[in-house]
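Listed here are the chains, written in short residue letters.
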Amino acid sequence: MKQLLLLTTVFISLTSNAQNKKPLDHTVYDEWKSIGERLISNDGNFVVYTVTAQEGDGELVIQNPATRYKKVIARGYNAVITEDSKYLICKIKPFYKDTRQARIKKKKPDEMPKDSLAIIQLGNDSVYTRARIKNYKTPENGAGYLAYQLEKPLPDTSKKKPVQDAAKLKNEQLARLADSMVKKSIDSIKGNITTQELTAIIQKATRQIIKEGKDEPDADGDDALAASNTEGGELFIRNIQTGKETSFKSVSEYHFDKMGNRLLLEIPKKNKDSNSKAMLVLYQLATATADTIFKGFNDAKNFAMDENGTQLAFVAERDSSEKSLVKFYKLWYYRLGLDSSILIADKNTVGMQLGYTVSEHAAVQFSKDGQKLFFGTAPLPVAKDTTLVDFELARLDVWHYKDDYLQTQQLKNLDAELKRSHLAVYHTREQQLVQLGSTDMERTSLVDEGNADWILAQTNMGNRVQGQWQGRTQNTAYLVNTHTGQRTLIFKNLFANAAASPGGRFAYWYNPEAKQYFTYEITSGITRNVTEKIPVALYDEENDMPDFASPYGVMGWMDKDSALLLYDKYEVWKTDPAGKAAAQLLLAAGLQARKQMLTCRYVKTNRDERFIPAASALVFRVFDNNSKNSAYTITGSTAPYQFASIPLAPVAVNGLIKAKNSNAFAFTKEHFTASPDMYFSGVAAPATIFTPESFGDAAMVLSHINPQQAAYNWGTAELIKWKTYNGKTTSGILYKPENYDAAKKYPLICYFYEKLTDGLHTYHAPAPTPSRLNISFFVSRGYLVLAPDIAYTDGHPGNSAYDYIASGARALVKNGLADSTRIGIQGQSWGGYQVCYLITKTNLFKAAWAGAPVANMTSAYGGIRWESGLNRQFQYEKSQSRIGATLWEKPQLYIENSPLFHLPKVQTPLVIMHNDADGAVPWYQGIEMFTGLRRLGKPVWMLNYNGEAHNLVERRNRKDIQIREQQFFDWMLKGEKPAKWLTDGVPAVDKGKDWGLEIE
C-alpha cells in the first residue's frame, strides 16, 4: 500500500509538473544541440565529441571516463587524435556573432574571421593555439608530427598613407621638379650653364618625373601583389612533443606518407622571378633534411605514396609554353635512392593505347605490396578551335532515340565524361605498362588492394536505354589480367554487380532474378550458387514494389576467402564460396533470432578491416522488430558465435566506435523523450553483454546536451495497432503531449511516408525541418500525431494509403483520443502525393499540407528528375509509385491514382509547398494541383521558395515554413485567427517587404 501511495504521489507530481511546463515555440530552436563528431583514442582512455548548435557556437568535449577528467574547447571541431593517443589536434571556429557581423558588412573573404589551430595534450589543461589556420594534416598511422598552413595575414593599414595625401605629395614633388627646370632654363639663358648641361638636366628631370608620376605601389603594395600572385602559403612542420617547428615559405600542396616518416611538398615558382621553377621536395622528418626530387613543371597533381613511403608517383605537365592550348600530362616516378623523379609513361610509352595519353583526372595508386602502380589513361586532348566565334554559333541539344543516355543525363554528367579515364597499370619491377580498362569496360576495381594478378571490370554498354523504364541496367563482368590485359568473362547481361573477395580467389554477386548469391572461382572458372539450399529468404520479405526484391546484404568475408557471410532478415548465414560445405547459421541457434524477430547486424569497429578474422569477438546491433527496442552485444570468439540473453532496452542505440587497442566503446542512445547523448563502456572480456544501461561494467553517461528540455511540455511515443479497411493489422506510432488528459479529445495530425515505426525511439529535436512535420513541436502544443505504417498493393498506391491512414485516424476517434472534426494530414514528396490523393478520397480531413507532391501521374510519368537527368518512367513501372505498367498499357491506373482527375471531390483546404529548383519532382506538378483547385474555387495555397530544392536547405526558409505550418493548422484545427498570408496572400509588389505572417 505504501508503494502504491508513493507511485500515485509521483504520478500526480509529474502530471502537475507537466501541466506547468511551457509549450515549444519558434524561439527555442537555437537552444537545442546535437552530437556531431565522435572519436575515441586508440588506448581507449579518451572520448572526444562535438556538441553542435543549430545556429551559434558549439564546443568540443574531451573526457577520460576512468578519471572523470573533462575539458571543453569552445567552438572546437575537425578533431584528430594522434596515433599514440597522446594529443588532440583540432580547429577552433571564430565566434558565430563575429562571422555574422562580417557577413553583414560584406567583408572580403580574406577579411572574414578565420579558424584557429589548437593542440591539446590529452589529460593536460594546457592548449597551444595558432590564429588564422587554413588547413592542417597529420599522418594516417604515424605520430609525432603535424603540418599546417596559415591564412594570408591581414593587411597592415596603419602604415599606409591616405590615398589623397599620397597623391597630393606626388603632385607637390612634380611641381618642385618643374620649378627647378624652369629656373635652370633661365640660368642657361643668362649664360650660367651651357646648352649641353641644360639638355642633360632636362633628360634627367624628365626621367625622374616619369618615375615619380608612375602609379607604382609602395612596399606594402608590392608585398600584397606578391602574395596575391603566389600559389602557395607558408607551411609549418611541428614536432608535437617538443614544439619545435620548421617552415617553408611557399607551399601549394603537401602530403604525409602513411607512417609519418616523410612529407612531400609542392613549392610553386615565384611569379616575379623569371629564373624561379616549381619544385617537389621530399622532407625527411627524422633528419630534418629536404631533397628536391622534381623541378621545372607547370602543374603536378594526383600524388601517391606506397605503403612504406619509399615510392612516390604523380602526373605532371611541363610543356615549355605555359599558354599552350593543349596540356600533355605524363606519369612520373620516384623511389628512395634516385637523384630525381623519372618519366615512366606518356603518349609514346610502349603499351599505351594508340591515340591515348596519361590522364590528369584519374587517381594514382600503388598496390599494397608496392609492385604495381595504377593510373588512368584518356584520349589525347584536342585543341579548341579559336577561329570559331561564339556569338555566331547555334546553341542546341540534339536528342536521339539511340543515345545510350538521355540528353539530360549526358548534360548532367558532362564534366565527369570529359574527365573520364580508363585504368592502366605500370609494373615497377618489370617496367611494363598494361592497359586494363577501356570504353567497353568503363568500371574497374582493384582486387586484394591491388596485389592480385587481376582486376574486376564491368560494363552496362548495350543495356543503358532500358534503364529509362527499368530503373536498373544489366551488366557484364570480366576479370582482367594485370600482366597481359587479357579478359575472362564472368557473367553477361545480368541485373547484378560483381565484387571480389578480399584475398582475390573469388568474384561474387547477387542475382535478383534468381534471388540467389553466386561465386566465381578464379582458378577454375567455375560459377556456383552458394545459397540455393538456405531455407529462408535472403531478400526483402516484405517487398511491395513491382520490382525485384532487394537483398538484405553481405556482412563480409571471413579470413579473406574462406567464407561469405550473408544476412537474412534476422540472422547471418556462413556460406562456402567453393561449394564444399553446406551453409550454416553463424550465430548460435540458442538466440532464436527469427522466432523472436530480432534483427542482428554486424558493427564494423575497425575502419581498416577488410575481412573478419575467424577467431575474434564480434559486435552486433540487435533490433527487436516487435518492440523496436535495441542493444549492442559482443560475442565470444569462436563460431558458432554465442550470445547470452540480451536485455533489450526501450531506446535506440547508434554510432558505436571502438578503441583500436582496447575493448573500450562509445556510442549514443536516444528515446523520443531523451536526446542522443554519449555513453562509454569498457569491456573486460569477450562474451560480455552490453546494453545502453550496462555494457560489461555499467555504461557511463558522458553528456547531457539538452537540459533545457525539462522546462517544456514534451510528449510520449507509443506503438499502437489497428485493423485496416482491407482487413489487415498494421502498426503506427502515436505521439501524445506530456500533459495528455484522457478526458479530452485532441486535434490530430497524421504524418506518413511508407513505414515509420522502426523509428519509435527516435528523438525529434525541435528544429526547423526541410518540410516534414516537426512532430515534437506540434505535440508540445497540444496535438496528437499519428505516424502509420503503410503496405501497398501494386497498381493501387493511392487506395493503399487511404486504407492504412484513414483507418488509423478513425481508430483513434473510435477510441476517444482524437476529435473527428479536427484531423489534419501532412506529408512530403511521396507523403505529399498521398496527402493530395487522400483529400480526393475522403472528407475526413479538415486541413491538408503537401510538400512537393505529384498531382498528375500521366504528365509526371514522362518527366525528368533534373538533379540526375533521369526520366521518371521507372518510378511508376518498377519503383515507389507502384503502378507496374506503362502509361499506354494501363492508363486507367494512372488516372485512378492521379489526384488531378478527381479534384471536384476535394473539400479539404490544402497548402502545397513546391519549389522552382526541385530536382526530384518537377514543380509543375504542384502548379497543376494548385491551378486545378483554384479553377474549382477550392481553398488552396502554394509556397514556392525561390531557388530551393526538393527539401528546403536554407535555414531561413526552414524557419519560415515552420511558422506557416503552425499558423495553418492552428487556424484550421484549433480555431485560432488566421495569418494574413492565408486570408489575403502576399502580392508580388510586396515581395521582400511583407511576408504576410502577422495575425489579422
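Remember, it's a predicted structure, so these values are computed and weren't measured experimentally.

Draft legend 1. The overall build of the chain, seen in detail. Within the chain, the secondary structure is distributed over 18 helices and 56 strands. Here the chain holds 1000 residues, and the buried ones make up 47% of them. In the chain, of all internal contacts separated by at least 6 residues, the share reaching a separation of at least 24 is 56%. Element-wise, carbon and sulfur atoms account for 51% of the exposed surface of the chain, whose accessible area totals about 48,200 Å².

Draft legend 2. Structural context of the environment of Asp561. Mapping Asp561 onto the fold places it in the loop between strand E34 (554-558) and strand E35 (563-567). In contact with Asp561, other than residues within four places in its own chain, are Ser501, Pro502, Gly503, Gly504, Arg505, Phe506 and Pro577. Polar contacts involving the side chain of Asp561 include one to the main-chain amide nitrogen of Gly503, which spans 3.2 Å.

Draft legend 3. Spotlight on the environment of Leu656. By the element assignment, Leu656 lies in strand E41 (residues 652-658). Its relative accessible area of 9% is what places Leu656 among the buried residues. As for Leu656 and Tyr632, which are separated by 24 residues in sequence, their C-alpha atoms are 8.6 Å apart.

Draft legend 4. Examining the pattern of salt bridges more closely. What the rule picks out here adds up to 40 salt bridges. In this structure, Asp257 engages Arg262 in a salt bridge whose closest nitrogen and oxygen atoms are separated by 3.8 Å. Both residues of the pair, Asp257 and Arg262, belong to the buried class. Residues Asp440 and Arg487 are paired through a salt bridge, measuring 2.8 Å at the closest nitrogen-oxygen approach.

Draft legend 5. Local environment of the side chain of Arg238. You can see Arg238 is positioned in strand E11 (residues 233-239). Among the polar contacts listed, one links the side chain of Arg238 to the backbone oxygen of Gly243, at a separation of 3.5 Å. With near-sequence residues (within four places) excluded, Arg238 lies in contact with Ile119, Tyr128, Gly144, Tyr145, Leu146, Tyr148, Gly243, Lys244 and Glu245.

Draft legend 6. Quick look at the sheet that holds strand E8 (residues 127-130). As summarised here, the arrangement of the 4 strands in space is E5-E6-E7-E8, forming an open sheet in which the pairing is antiparallel. Single-partner strands in this sheet number two, and they are strand E5 (76-81) and E8. When strand polarity is set aside, the average angle formed by the axes of neighbouring strands in this sheet is 20°. Pairing between strand E7 (residues 116-121) and E8: 4 bridges, direction antiparallel. Bridging from a neighbouring strand, Ile120 pairs with Val127 of E8.

Draft legend 7. Spatial organisation of the layout of surface pockets. The volume enclosed by the second largest pocket comes to roughly 1,000 Å³. Taken together, 43 residues line the second largest pocket, and the ones lying closest to its centre are Thr605, Asn606, Arg607, Lys658 and Lys660. Those elements that place two or more of their residues in the lining of the second largest pocket are strand E1 (33-40), E5 and E41. Split by residue class, the lining of the second largest pocket holds 22 nonpolar, 11 polar and 10 charged.

Draft legend 8. Fine view of helix H17 (residues 955-974). Here H17 is 20 residues long and its end C-alpha atoms lie 27 Å apart, about the 28 Å a rise of 1.5 Å per residue gives. Directly beyond the C-terminal end of H17, a positive phi value near 80° is found at Gly975.

Draft legend 9. How the structure looks around the environment of Thr633. Turning to its location among the elements, Thr633 is positioned in strand E40 (residues 630-634). When the C-alpha positions of Thr633 and Leu648 are compared, they lie 9.9 Å apart, and in sequence the two are 15 residues distant.

Draft legend 10. Representation of the side chain of Ser829 within the structure. Turning to its location among the elements, Ser829 is positioned in the loop between strand E51 (818-828) and helix H12 (830-841). Side chain to side chain, Ser829 and His950 meet in a polar contact 2.7 Å long. Leave out the neighbours within four places in its chain, and Ser829 touches Tyr753, Gly851, Ala852, Pro853 and His950.

Draft legend 11. Molecular detail of the sheet that holds strand E42 (residues 664-671). Pairing is antiparallel in the open sheet, where 4 strands are placed in the order E41-E42-E43-E46. Edge positions in the open sheet fall to E41 and strand E46 (700-701), since each of these has one partner strand only. Strand direction decides the pairing type here: E41 and E42, joined by 5 bridges, are antiparallel. Residue pairing in the sheet places Ile657 in a bridge with Ala666 of E42.

Parameters at a glance
Residues numbered from 1 in each chain as written. Predicted model: local features only at pLDDT ≥ 70, side-chain atom pairs only at ≥ 80, totals over all residues. Heavy atoms only, no water. Helix = DSSP H or I, 4+ residues; strand = E, 2+ residues; numbered from the N terminus. Buried < 20%, exposed > 50% of the residue type's maximum accessible area, 1.4 Å probe, protein only. Contact = heavy atoms within 4.5 Å. Areas by Shrake-Rupley, 256 points an atom, 1.4 Å probe, with all protein chains shown as cover. Polar contact = N/O pair within 3.5 Å; in protein donor to acceptor, adjacent residues only side chain to side chain. Salt bridge = Lys/Arg side-chain N within 4 Å of Asp/Glu carboxyl O. Pairing = 2+ DSSP bridges. Axes fitted to C-alpha atoms, helices over the stretch in contact; angles between N-to-C directions. 1 Å grid on protein atoms, 1.4 Å probe; cavity = no way out; pocket = protein on both sides within 12 Å on 5 of 7 lines; lining within 4 Å. Points joined across faces, edges and corners; volume = space filled by probe spheres on them. Nonpolar A, V, L, I, M, F, W, Y, C, P; charged D, E, K, R; others polar. Expected span 1.5 Å × (residues − 1).

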